[in-house]
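Here is how the chains run, residue by residue.
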Amino acid sequence: YRDLHTFELQAPTRLIEWARGNRVCVAGYGQSDGNEILQLIPPPTLLTKETQGLCPERDFKVECGGFSDRPVYSLKYVPDTSLLVTSGPPDSSLQVWQVSAEDSDIIKSVSTIATENGTGQSWAKIATISAKDPWVLHGSRLDRVQITEVESRKNVYTAASRGSEELSGLAFLDCNTLLLCCATGRLCLADVRQPQSLVEAVAAPCSEHWCMGSRHAAQDSEPSSQPVARLSSRGHLTLTDLRKSSEFLASAKARVPSPGSGPEFLCVSWAPALEGYLAVSGFDGTVHVYDTQSWDSSGREAEPIFVHKGHAFGGAGGSGDPPLVTVHTWHLQKPRTLLSAASDGSLHVWDWVEPCGKC
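Definitions and cut-offs
Residues numbered from 1 in each chain as written. Predicted model: local features only at pLDDT ≥ 70, side-chain atom pairs only at ≥ 80, totals over all residues. Heavy atoms only, no water. Helix = DSSP H or I, 4+ residues; strand = E, 2+ residues; numbered from the N terminus. Buried < 20%, exposed > 50% of the residue type's maximum accessible area, 1.4 Å probe, protein only. Contact = heavy atoms within 4.5 Å. Areas by Shrake-Rupley, 256 points an atom, 1.4 Å probe, with all protein chains shown as cover. Core = buried A, V, L, I, M, F, W, Y, C linked by side-chain atoms within 4.5 Å. Pairing = 2+ DSSP bridges. Axes fitted to C-alpha atoms, helices over the stretch in contact; angles between N-to-C directions. pLDDT = per-residue confidence, 0-100. Polar contact = N/O pair within 3.5 Å; in protein donor to acceptor, adjacent residues only side chain to side chain. Salt bridge = Lys/Arg side-chain N within 4 Å of Asp/Glu carboxyl O. Phe/Tyr/Trp six-rings, centres within 6.5 Å; stacked < 30°, edge-to-face > 60°. Lys NZ or Arg CZ within 6 Å of the ring centre and 35° of its normal.

(A) Seen up close, the overall build of the chain. Within the chain one finds 0 helices and 28 strands. The burial tally for the chain puts 57% of its 359 residues in the buried class. Partitioning the contacts of the chain with sequence separation of at least 6, the portion at a separation of at least 24 is 51%. Total accessible area on the chain is roughly 15800 Å²; 48% of this is exposed by carbon and sulfur atoms.

This is the structure we're talking about:
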């Protein structure tokens, strides 16, 4: 490691979200009332673009917080605002939160976005954007996807119905283009300007549960030119170029065990500041980092360039089982810095040393 910071949360968290001012938002997913939503100030070394070496203050600080009366399974910061949107059982409704001003330490609930036929539906996957007005893209199934204006709660888009598969993820590729991933591995593209359009990309074996990781498009580039990574519950990884959706760009097998507690914590993400690198977690107490630039279509096992094992050695979770990494995310500017959280409430920030062959 070049650097490692740890912080102990009061409850397990399954999400980490970057907010304005380089703040970090986390939330609990317990089944009882009173799940915390916290905004944390990272250690000073994470607030600078350059590595500063030794720093007297190495811990996170709680800046403000609130409580949700339901488990928080997804949390997204609304860009250019002080709002957060969350979702979680028992239905597909969304909760909107206001991060209070500097003179207050309260995150308070301000509204609820109800969904048609939301009762009985699983919790909604969400994505946010503010290229026009602050929007939230949300849905639990392929025929329940819509865009809602966060502040007015007005519905501005409903995707065309092409079946009712469960969704494992969704994303804005830009302000007009949506990417949807079904749990079966099926990818679909939608265009806000054409409500009836829904283009299916190459499918994946439906015997496994799949999640996706999309890259943010570089400025002036086509969003469809950014490869999409998919990860299965058996550790299979595929890269897809949406401009050539009939075939895989590359495929590999992650060196991870089969998940022991279901696929709900599977996570794959692209490094925003490091070309061709992605991270994988959700199988055990580790996070694996891979360089995909040498991958081909053979599907052979890939060698991780780094494995973060800190959570695995941190002790047992609340159930007595070994900790399971529930989520990870990349730092937005520091190329090799990641944040990860586990089922024992541990939050880690780590930066690995580049292998000598890559210097």
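There's plenty left to go through after this.
(B) Layout of the nonpolar core. By size, the foremost hydrophobic cluster in this structure holds 19 residues, and its most contacted members are Leu137, Ile147, Tyr157, Leu167, Phe172, Leu178 and Leu180. Those elements giving two or more residues to this core turn out to be β10 (125-129), β11 (135-139), β14 (167-172), β15 (177-182) and β16 (187-191). Among all residues touching Tyr157, those that are not within four sequence positions of it are Val145, Gln146, Ile147, Leu178, Ala190, Asp191, Val192, Pro195 and Ser197. One finds Ala250, Ala254, Trp295 and Ala302 within the second-largest nonpolar core, a separate group that totals 18 residues.

(C) The sheet that holds strand β9 (residues 107-113), seen in detail. Sheet architecture is open: 4 strands sit in the order β6-β7-β8-β9, paired in antiparallel fashion. Each edge of the sheet is formed by a strand with only one pairing partner; in this case those strands are β6 (74-77) and β9. Across the sheet, the axes of successive neighbouring strands diverge by a mean angle of 25 degrees, strand direction being ignored. For strand β8 (residues 94-99) and β9, the ladder comprises 6 bridges, and the chain directions are antiparallel. Within the sheet, the bridge partner assigned to Gln95 lies in β9 and is Thr112.

(D) Summary view of the sheet that holds strand β20 (residues 236-240). Taking strand neighbours across the sheet as the criterion, the 4 strands line up as β18-β19-β20-β21 in an open arrangement whose pairing is antiparallel. Of all the strands in the sheet, the pair left with one neighbour each is β18 (210-214) and β21 (250-253). When the angles between neighbouring strand axes are averaged without regard to direction, this sheet yields 20 degrees. Sheet topology places β20 next to β21; 4 bridges connect them, and they run antiparallel. Pairing of Thr238 across the sheet is with Ser251, part of β21.

(E) The arrangement of the confidence of the model for the chain in detail. Averaged over every residue, the pLDDT of the chain is 86; the share at 70 or more is 85%. Per-element averaging of pLDDT across the chain places strand β17 (residues 194-200) at the bottom with 79 and strand β24 (residues 287-291) at the top with 97.

(F) Just the side chain of His308, in detail. Within the element layout of this structure, His308 appears in strand β25 (residues 306-308). A distance of 2.6 Å separates the side chain of His308 from the side chain of Tyr1, its partner in a polar contact. A polar contact of 3.1 Å, which involves the side chain of His308, links it to the side chain of His348. His308 has contacts with Tyr1, Leu4, Gly285, Thr286, Val287, Ser340, His348 and Trp350, leaving out every residue within four places of it along the chain.

(G) Looking closely at the pairing of β14. Judged by how many residues are buried, β14 sits mostly within the fold: 6 of 6 residues are covered. Of the pairings in the sheet, the one linking β14 to β15 comprises 5 bridges and is antiparallel in character. By the bridge assignment, Leu167 is partnered in β15 with Cys182. Connecting the antiparallel pair β14 and β15 is a turn made up of 4 residues.

(H) Just the pattern of salt bridges, in detail. On inspection of all chains with the given rule, the structure shows 9 salt bridges. The salt bridge involving Asp191 is made with Arg193; its shortest N-O contact spans 2.9 Å. Note that Arg255 is salt-bridged to Glu303, the shortest N-O span being 2.7 Å. Placement of Arg255 in the loop between β21 and β22 (267-270) and of Glu303 in the loop between β24 and β25 is noted, with a sequence separation of 48 residues between them. Relative accessible area serves as the criterion here: at 51%, Glu303 is assigned to the exposed category. A single network of salt bridges, built from pairs that share partners, joins Arg255, Glu301 and Glu303.

(I) Region of the structure containing the packing of aromatic side chains. By the definition in use, this model includes 8 aromatic pairs. Three or more aromatic residues joined by ring pairs form one cluster here, namely Tyr1, Phe306, Trp330, Trp350 and Trp352. Directly above the ring of Tyr73 sits Arg14, whose terminal nitrogen or CZ lies 4.3 Å from the centroid. Above the ring of Trp123, the side-chain terminus of Lys125 is found at 4.1 Å from the ring centroid.

(J) The arrangement of the side chain of Ser93 in detail. Among the secondary structure elements, Ser93 is positioned in the loop between β7 (83-87) and β8. Of note is the side chain of Ser93, whose polar atom sits 3.5 Å from the side chain of Arg70. Side-chain polar atoms of Ser93 contact the side chain of Gln95, separated by 3.2 Å. Setting aside residues no more than four positions away along its own chain, Ser93 makes contact with Arg70, Thr86, Ser87, Thr112, Ile113, Ala114 and Thr115.

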